[in-house]
Amino acid sequence: HIHWRSVARRGNLVSKEFAQETRPGVTVVLDRYVPHPVPQSKYQPFEIAIKCAVSIAEYAMRNGYPVHIAADQGDMASPQGALGWDALMQYMARVTPTASNNLADVLGHHPLQQYVAIAVSTPDDNLLEAIIALKHRGYNVLVVTPNPASYPIDSDLSAEDFVSALERQNIVTRLVKHGDDWASVISNEDKITDSRQTSKTGA
C-alpha cells in the first residue's frame, strides 16, 4: 500500500490510508407511551405502530442498512447496537404500551442514527417540537402514525392535524387508517428517504 507517486515526489516513504465506507444507520423509534387504557383488540394503534416499525426495519435490513431501536427503557430495556432480524423480532414480540415517559423524552436522550423512522402510536402535539428539532439537527426523519379515529376502538382522537403540522415542516409522514395495508402505505414513496430531497421534488 505504498503510494509510489508521492514517494518519487517527496523522496520519503508514503503509504496509503483506507477508510471503511459503510451505509448510514437507521434508528426505528417506537412510541410506547399510551396515556389511556389500551383496548383489548388487535385493531388498535399501538399494534399497528409495531407492525409499521417491523416493516420499516425489514426494508432497511434488506437494503443493507444497520438497524437500531430506540424506545422508553423504564420497564423494558431495548436492545443496544445494530440488530439482527431475530433480536428485532424477539423485542417486538414482547414490547408493551406501558412506558412512563413521553416519546419526546426518548428522542431527546437516545443516540440516533442518520435516518430516523418514528412509529407514533398516539399522536400528541407535545411531540411536534421534538420531531421538528430532529430535522433541524440534520436527521432524515420519517414519521408513521395510525389514525386512532379510524379504528373501531371508540376513539375521537385524530392524527390528521398532527401529520399536517409535520408536513408543513417538510417532514415525510405516513398516515395509516383502519383497513389500510400498512406496508403499502409506508412504501408509497421512498420509505426511508431524505426529507430535503422529497421537499425539493414535490414527491
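Residues numbered from 1 in each chain as written. Predicted model: local features only at pLDDT ≥ 70, side-chain atom pairs only at ≥ 80, totals over all residues. Heavy atoms only, no water.

A. Quick look at the overall build of the protein chain. Helix and strand counts for the protein chain come out as eight helices and five strands. From first element to last, N terminus to C terminus, the protein chain shows the α and β order α-β-α-β-α-α-β-α-β-α-β-α-α. In the protein chain, which comprises 203 residues, the proportion classed as buried is 44%. Within the protein chain, contacts between residues at least 6 apart in sequence are counted, and of these 68% link residues at least 24 apart. (Helix = DSSP H or I, 4+ residues; strand = E, 2+ residues; numbered from the N terminus. Buried < 20%, exposed > 50% of the residue type's maximum accessible area, 1.4 Å probe, protein only. Contact = heavy atoms within 4.5 Å.)

B. Just unusual backbone geometry, in detail. In the Ramachandran plot, Asn-170 falls in the positive-phi region, its phi being about 60 degrees despite a non-glycine side chain. The residue Asn-170 is located in the loop between helix 6 (160–167) and strand 5 (172–176) in this model.

C. Here's a closer look at helix 2 (residues 45–62). The end-to-end C-alpha distance of helix 2 is 26 Å, a good match for the 26 Å that 18 residues give at a rise of 1.5 Å each. Buried within helix 2 we find Pro-45, Phe-46, Ile-48, Ala-49, Ile-50, Cys-52, Ala-53, Val-54, Ile-56, Ala-57, Tyr-59 and Ala-60. Positive backbone phi, at 85 degrees, marks Gly-64, one or two positions downstream of helix 2. (Expected span 1.5 Å × (residues − 1).)

D. Main features of the sheet that holds strand 5. The five strands are arranged 2-1-3-4-5 in an open sheet whose pairing can be described as parallel. Two strands close off the open sheet at either side, each with one partner strand: strand 2 (67–70) and strand 5. In this sheet, adjacent strand axes meet at a mean angle of 20 degrees when their direction is disregarded. The sheet contact formed by strand 1 (residues 26–30) and strand 2 spans four bridges and is parallel. Bridging across to strand 2, Val-28 finds its partner in Ile-69. Here helix 2 sits on the sheet and contacts strand 1, strand 2, strand 3 (115–119), strand 4 (140–146) and strand 5; the angle it forms with strand 1, its principal contact strand, is near 175 degrees. (Pairing = 2+ DSSP bridges. Axes fitted to C-alpha atoms, helices over the stretch in contact; angles between N-to-C directions.)

E. Layout of the side chain of Ser-78. As for its position among the elements, Ser-78 is in the loop between strand 2 and helix 3 (85–94). Using a relative accessible area of 5% as the deciding quantity, one classes Ser-78 as buried. At 2.8 Å, the side chain of Ser-78 and the side chain of Gln-73 are in polar contact. When residues no more than four places from it in sequence are discounted, the contact partners of Ser-78 are Ile-69, Ala-71, Gln-73 and Tyr-91. (Polar contact = N/O pair within 3.5 Å; in protein donor to acceptor, adjacent residues only side chain to side chain.)

F. Inspection of the nonpolar core at higher detail. In terms of nonpolar packing, the biggest core is built from 34 residues, with Val-28, Leu-30 and Met-92 touching the most fellow members. Of all the secondary-structure elements, those providing two or more residues to this core are strand 1, helix 2, strand 2, helix 3, strand 3, strand 4, strand 5 and helix 7 (182–186). Counting residues per element, this core draws most heavily on helix 2, at 10 residues. Core analysis: the second largest hydrophobic core is formed by 23 residues, Leu-128, Ile-132, Val-163 and Ala-165 among them. (Core = buried A, V, L, I, M, F, W, Y, C linked by side-chain atoms within 4.5 Å.)

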